[in-house]
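# Observations on chain architecture
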Amino acid sequence: MSRNLHNMPARYRAQFSNWRNVTATNTYGNTSAWLGGVNADLNTINGYLRATTQLGLYNQSALANMPDQEQARVKSQYASVELADGANMNALSTIGTIRGNAAALEARMNNLEQDSFSDDASLNSEVAVLNKINATNVLTLRSIQDSNKLLASLLEQQTIAAKQQREMTTNAINAEISRQASLSANLAQVTGTLTNSLQNFRMP
């Protein structure tokens, strides 16, 4: 119980890759704010909006003059873009927070590693070892929580992509329904006109 394993660092210490920040050129001055958001959650919304094409607004009178089905389609597509923007900004913020906290988390893990490999008797008592185990469990839980946040962001984006796919399919079906209805009405009109013309036809 009182003996330490000899040469723990040489036997067990492993090297891991370091977190790296995203880099990109900033030719037109619209990527730096994005990088600030994705690397440290700094002004994420502004960074996202500056690097993306802004969504215009429909003229209200033009929107009101659209047929109901066309207006519903336009509003649904507009909502898809707004939802995608929200999900993208949330994902950038989540990534930025995790990456921004990475250095501090790395330092805590290094401290825990140093204490675990130390020959200092005070760091190898039963209470000290239990405390290190507890600290490790907490770090693990926080890492799992960060992973869950990333997975939630990914699922959110996939859900919006599924909505957009559904809209395209629904619009195609609705267009076919409309075409079939118009075809039936036009055919009935042509048939009725032709029948009437034949009935009223008189040889001179």
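Details of the structure are given in the entry above.
Residues numbered from 1 in each chain as written. Predicted model: local features only at pLDDT ≥ 70, side-chain atom pairs only at ≥ 80, totals over all residues. Heavy atoms only, no water.

On to the packing of aromatic side chains, then. As enumerated under the stated definition, the model contains two aromatic pairs in all. For the ring pair Tyr58 and Tyr78, a centre distance of 6.4 Å and an interplane angle of 50 degrees mean the geometry is tilted. Placement of the pair is Tyr58 in the loop between helix H3 (44-51) and helix H4 (60-64) and Tyr78 in helix H5 (residues 68-117), with a sequence separation of 20 residues. Residue classification places Tyr58 among the partly exposed residues on the basis of a relative accessible area of 41%. Relative accessible area serves as the criterion here: at 18%, Tyr78 is assigned to the buried category. (Phe/Tyr/Trp six-rings, centres within 6.5 Å; stacked < 30°, edge-to-face > 60°. Helix = DSSP H or I, 4+ residues; strand = E, 2+ residues; numbered from the N terminus. Buried < 20%, exposed > 50% of the residue type's maximum accessible area, 1.4 Å probe, protein only.)

The subject of this paragraph is a nonpolar patch on the surface. The grouping of Val129, Leu130 and Ile133 at the surface amounts to a nonpolar patch, some 220 Å² of accessible area in total. In this fold, Leu130 is placed in helix H6 (residues 126-199). By relative accessible area, Leu130 is classed as partly exposed at 45%. (Patch = residues over 30% accessible without salt bridge, like charges linked within 9 Å, V, L, I, M, F, W, Y side chains within 5 Å. Areas by Shrake-Rupley, 256 points an atom, 1.4 Å probe, with all protein chains shown as cover. Salt bridge = Lys/Arg side-chain N within 4 Å of Asp/Glu carboxyl O.)

Counted by the stated rule, this structure contains four salt bridges. The partner of Arg73 in a salt bridge is Glu70, and the shortest N-O contact between them spans 2.3 Å. Here Arg73 and its partner Glu70 are both found in helix H5, three residues apart, which amounts to about one turn of the helix. Residue classification places Arg73 among the partly exposed residues on the basis of a relative accessible area of 27%. For the salt bridge of Lys163 with Glu167, the shortest nitrogen-to-oxygen distance reads 2.3 Å. Taken together, the residues Lys163 and Glu167, both in helix H6 and four residues apart, mark about one turn of the helix.

This next bit is on the packing of helix H2 (residues 32-40) against H5. A pair of packed helices can be characterised by two numbers: the angle between their axes and the separation between those axes. Contact geometry of H2 with H5 gives a least axis separation of 4 Å together with a crossing angle of 60 degrees. When the axis of H2 is compared with that of H5, the two are oblique. Contact residues: Trp34, Gly37, Val38, Asn39 and Ala40 in H2; Leu92, Ile95, Gly96, Arg99 and Gly100 in H5. Tallied by class, residues from the contact of H2 with H5 come to five nonpolar, four polar and one charged. (Axes fitted to C-alpha atoms, helices over the stretch in contact; angles between N-to-C directions. Parallel < 35°, antiparallel > 145°, perpendicular 65-115°, else oblique. Contact = heavy atoms within 4.5 Å. Nonpolar A, V, L, I, M, F, W, Y, C, P; charged D, E, K, R; others polar.)

Once that is clear, we can look at H2. What sets the pattern is the α-helix's 3.6 residues per turn: residues three or four places apart point alike. Among the residues of H2, Ala33, Leu35, Gly36, Gly37, Val38 and Asn39 are the ones counted as buried. Tucked into the core, H2 has its buried residues touching H3 and H5. At the exit of H2 stands Asp41, carrying a positive phi of roughly 55 degrees.

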